[in-house]
Amino acid sequence: MSKTPEPAARDEREADLSRRSFLKGAGGAAAGAAFVQGAQATQEAAVADPEAGVRILSGATEIEMSVNGEARKVTVEPRTTLLSVLRTRLEPALTGTKEVCDNGNCGACTVLVDGKPVYSCLQLAVTVQGRPVTTIEGFGKPDQLSAVQEAFCANDGLMCGFCTPGFVVATEAALAKHSNPDADTIRHELAGNLCRCGTYDGVFKAVAEASAVRRGGAK
């Protein structure tokens, strides 16, 4: 017979929501909020609905957002995801953000919106109207890697590479919150990202090294 957890322990577990749970919930909320937030981006495509107190999107809508510091305009349908816009609607396309599960489970498509990590496969494009979006391309270039990217390479924090952009973006967000995270904090902050190749040891070492480099410490 299983033992019933003590109330304090149960409350602590319930309060310790992983970033994956939060992001999946946020994605669902974003879908519902799209009718409100996205309406701000509409012109002729919006119709008034006085009874509901919101403006409902209908048809193609032009939105403008800041992607890696550059203002970008794109015409989308209300159902279009941010991931789709980044990979297929921009010129040049930002394919560093990977489409893997397309279901908010793996974190490979993680980007920053307002400086916070989100699953772009669950974020509707209309909800980022006028908001800053940062993708993996915004952190470094092949000939000028960021400290986090260099640490991932130095510590073999990748294998097939599909999950790596999401991990790097999530790491950037984590280090913006914690200048010197311990092992438990690193694991918690990256809980929303999965590596099917199992290179977690290298990933965690990379985060610790990048943190040390940023603080001016030795690798």
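Since the model is a prediction, treat every value here as computed from it, not as a measurement.

Peer 1: Can you lay out the environment of Asp182 for me, pointing to particular residues and giving the numbers?
Peer 2: Within the secondary structure, Asp182 sits in the loop between helix 5 (164-177) and helix 6 (183-189). Considered as a pair, Asp182 and Val207 are 25 residues apart in the sequence and their alpha carbons are 10.0 Å apart.

Peer 1: Break down the sheet that holds strand 5 (residues 110-113) for me, with residues and values.
Peer 2: Here five strands make up an open sheet; going across it, the order is 4-3-7-5-6 and the pairing mixed. Two strands bound the open sheet, and with one partner strand each, they are strand 4 (70-76) and strand 6 (116-119). This sheet shows a mean twist of 40° between the axes of neighbouring strands, independent of strand direction. One ladder, built from four bridges, connects strand 5 with strand 6; its direction is antiparallel. Bridging across to strand 6, Leu112 finds its partner in Pro117. Contacts from helix 3 (residues 82-89) reach strand 3 (61-67), strand 4, strand 5 and strand 7 (132-134), with the element oriented near 105° to strand 4. Along the sheet, helix 5 makes contact with strand 5 and strand 6, crossing strand 5 at roughly 35°.

Peer 1: Just give me the short version of helix 4 (residues 147-154), but keep the residues and values in it.
Peer 2: Looking only at helix 4, the buried set comprises Val148, Gln149, Ala151 and Phe152. Considered in projection along helix 4, the buried side chains sweep an arc of 160° and stay on one side of the axis. Its buried side turned inward, helix 4 meets helix 5 and helix 7 (200-214). Among the residues trailing helix 4, Asp156 stands out with phi positive, at a value near 50°.

Peer 1: Explain unusual backbone geometry to me, and be specific about the residues and the numbers.
Peer 2: Between Glu91 and Pro92 the backbone carries a cis peptide bond, its omega angle lying at 0°. Tracing the backbone through its elements, the reader meets Pro92 in the loop between helix 3 and strand 5. Of note in this structure, Asp114 is not a glycine but carries a positive phi near 60°. Mapped onto the elements, Asp114 comes out in the loop between strand 5 and strand 6. Classification of Asp114 by relative accessible area gives partly exposed; the value is 42%.

Peer 1: How would you summarise the confidence of the model for the chain if you had to cite specific residues and measurements?
Peer 2: Close inspection of predicted coordinates is inappropriate for parts of the model with low pLDDT. Averaged over every residue, the pLDDT of the chain is 84; the share at 70 or more is 72%. Taken together, the stretch residues 31-48 has pLDDT below 50 and engages in 36 contacts with residues farther than four places along the chain or on a different chain.

Peer 1: Could you give me a rundown of the nonpolar core, with the residues and numbers involved?
Peer 2: Within the largest apolar cluster, 20 residues are counted, with the highest numbers of intra-cluster contacts made by Val148, Phe152, Phe167, Leu190 and Val203. Of all the elements in the fold, those that place two or more residues in this core are helix 4, helix 5 and helix 7. Excluding its chain neighbours within four sequence positions, the residues that come into contact with Val148 are Val168, Thr171, Glu172, Leu175, Ala210 and Arg214. The next biggest cluster of nonpolar side chains, apart from the first, holds 18 residues, and it includes Leu90, Val111, Val118 and Val128.

Peer 1: How would you summarise the pairing of strand 4 if you had to cite specific residues and measurements?
Peer 2: In the sheet, strand 3 pairs with strand 4 via seven bridges, with the strands oriented antiparallel. Considered in strand 4, the bridge of Met65 is made with Arg72. Hairpin connection between strand 3 and strand 4: a loop of two residues separates the two successive antiparallel strands, and Asn68 in this loop has a positive phi of roughly 55°.

Peer 1: Describe the packing of helix 5 against helix 7, listing the residues and the values that go with them.
Peer 2: With their axes 11 Å apart at the nearest point, helix 5 and helix 7 run at an angle of 40° to one another. Accordingly, the angle class assigned to the pair helix 5 and helix 7 is oblique. In this structure, helix 5 meets helix 7 at a crossing whose hand is right-handed. Two secondary-structure elements touch here, helix 5 through Phe167, Thr171, Glu172 and Leu175 and helix 7 through Tyr200, Val203, Val207, Ala210, Ser211 and Arg214. Tallied by class, residues from the contact of helix 5 with helix 7 come to six nonpolar, two polar and two charged.

Peer 1: Could you give an account of the side chain of Ser120, naming the residues involved and the relevant values?
Peer 2: By the element assignment, Ser120 lies in the loop between strand 6 and strand 7. The residues touching Ser120, leaving out its near neighbours within four places in the chain, are Thr81, Leu82, Leu83, Thr97, Cys109 and Val111.

Definitions and cut-offs
Residues numbered from 1 in each chain as written. Predicted model: local features only at pLDDT ≥ 70, side-chain atom pairs only at ≥ 80, totals over all residues. Heavy atoms only, no water. Helix = DSSP H or I, 4+ residues; strand = E, 2+ residues; numbered from the N terminus. Pairing = 2+ DSSP bridges. Axes fitted to C-alpha atoms, helices over the stretch in contact; angles between N-to-C directions. Contact = heavy atoms within 4.5 Å. Buried < 20%, exposed > 50% of the residue type's maximum accessible area, 1.4 Å probe, protein only. Arc of directions from axis to C-beta. pLDDT = per-residue confidence, 0-100. Core = buried A, V, L, I, M, F, W, Y, C linked by side-chain atoms within 4.5 Å. Parallel < 35°, antiparallel > 145°, perpendicular 65-115°, else oblique. Left-handed = near helix turned anticlockwise from the far one by under 90°. Nonpolar A, V, L, I, M, F, W, Y, C, P; charged D, E, K, R; others polar.

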